Amino acid sequence: MIEVKNVTKKYGKAVAVDNISFNIKEGEIVGLLGPNGAGKSTTMNMLTGFIEQTEGEILINGYDILKKPKKAKKEIGYMPEGVPLYTDLTVKEFVTYMAEIKKVNKKEKKQKVQEIIEKTGLKEVQNKLTKNLSRGYKQRVSMAGALVGEPKILILDEPTVGLDPKQITEIRNLIKELGKTHTIILSSHILSEVSQICNKVIIINKGKIVAIDTPEKLENKVTNNNSVYVTIEDPENKIRNIKEKIKDIKEIKLIKENEDGSKQYMIEAEGKVDLRKTIFNQFAKENITIFELKKIDSTLEDAFMKLIEGGEK
Ligand code: ADP
Ligand code: MG
């Protein structure tokens, strides 16, 4: 459905997007995830034909976005970053105006506009000026604009930014609902959001793609959910012999020395083993007193940070 091949965007000498390639299949909900300035908006602007790439090729449904812009853009609904709404229009007027721009059939226009207003939960506010709406409603109006013309692909740039928690939940649910009938690409710098909504994540940092995978696989790939922190009293430093005694230990690292003389270590397991029981028993045998023992919960957030750090090297 979307093919991005070796695409680069330069602003003067600055490279905003650096030789990225990826494919998006019909029905996927893809999250473009990365910190501020990573190149998410630039990528989305190129996918929508809003700006031209410096190098590379973008195909939408097989149509080159630069060579066949009309055919390519027909399939795309775009919700740009922020809420650039025509403030002196009511909600209904704005959606109608979008329908005119997108050349929706005159006879169907009224009905289509109503359908979209209902789908995006804007019925009660349809006669209000967009400028008087809350941020959450403005975002819905922007989403309504993207839905006009029944595009198969929705490109949503930071759809939840600036919203309060309740509005965020509402917009996420709306996106999930739309995901049943659309291919969606959304950008975000919030990992938990992407992992909740998307079935594929593209992590981008400094214009480069650092990973493409499902949220679950990304988590497995870059986290070790088998490390533990242990704080011990061990004046004779018996811990140095522990690694030989517990075969499942891959590495023992000193994390910090506390004022009371106790020391905290991170113990990493070989493979997917929970070391806690073994450590507890073996340390007791060696007369090493355990003050604290806890599993390190690594999350997708850690995975994200690792990938971003890795990308900076
Ligand atoms: P993101 O959306 O991930 O926050 P952007 O795509 O907006 O990132 O920006 C990527 C990089 O390109 C940034 O370093 C930004 O400063 C730069 N950039 C974006 N738009 C322009 C522009 N019109 N002119 C010059 N540099 C730009
Ligand atoms: Mg952006």
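The rules behind these values
Residues numbered from 1 in each chain as written. Chains lettered and ligands numbered in written order. Predicted model: local features only at pLDDT ≥ 70, side-chain atom pairs only at ≥ 80, totals over all residues. Heavy atoms only, no water. Donors = N, O, S within 2.8 Å, 3.2 Å for Na, K, Ca; no water. Helix = DSSP H or I, 4+ residues; strand = E, 2+ residues; numbered from the N terminus. Buried < 20%, exposed > 50% of the residue type's maximum accessible area, 1.4 Å probe, protein only. Near = heavy atom within 4 Å. Polar contact = N/O pair within 3.5 Å; in protein donor to acceptor, adjacent residues only side chain to side chain. Areas by Shrake-Rupley, 256 points an atom, 1.4 Å probe, with all protein chains shown as cover. Nonpolar A, V, L, I, M, F, W, Y, C, P; charged D, E, K, R; others polar. Domains from an automatic or database assignment. Contact = heavy atoms within 4.5 Å.

**Q** Just to check I follow, could you spell out the coordination of the magnesium ion (ligand 2) for this structure?
**A** Put simply, the ideal angle at a metal is 109.5 degrees for four donors in tetrahedral geometry and 90 or 180 degrees for six donors in octahedral geometry. Distances from the magnesium ion (ligand 2) to its protein donors, Ser41 (OG) and Glu81 (OE), fall at 2.1 to 2.5 Å. Note that serine 41 is positioned in helix α1 (residues 40-47) and glutamate 81 in the loop between β6 (76-79) and α3 (91-101), a separation of 40 residues in sequence. On the basis of relative accessible area, glutamate 81 is assigned to the partly exposed category, the value being 44%.

**Q** What should I look at first to understand the site of ligand 1 in this one?
**A** All residues in the neighbourhood of ligand 1 are listed as Tyr11, Ala16, Pro35, Asn36, Gly37, Ala38, Gly39, Lys40, Ser41 and Thr42. Between ligand 1 and tyrosine 11, the relevant distance is 3.4 Å, taken from a nitrogen atom to a side-chain nitrogen or oxygen of the residue. Backbone polar atom of glycine 37 to an oxygen atom of ligand 1: 2.7 Å apart, as the coordinates give it. Burial of ligand 1 by the protein amounts to 55% of the accessible area it has alone, namely 560 Å². Classifying every residue of the shell around ligand 1 by side-chain character gives four nonpolar, five polar and one charged.

**Q** When you look at the domain arrangement of the protein in this model, what are you seeing that I'm missing?
**A** Reports often express the size of an interface as the amount of accessible area lost when the parts come together. Split into domains, the protein comes out as domain 1 (2-217) and domain 2 (224-296). On a C-alpha basis, the centroid separation for the pair domain 1 and domain 2 is 48 Å.

**Q** Before we go on, may I ask you to explain the side chain of histidine 182 in this structure?
**A** One can find histidine 182 in the loop between α6 (165-179) and β8 (183-188). Only 3.4 Å separates the side chain of histidine 182 from the backbone oxygen of proline 151, close enough to count as a polar contact. Once you skip the residues sitting within four places of it in the chain, histidine 182 turns out to touch Gly27, Glu28, Leu147, Pro151, Lys152 and Leu154.

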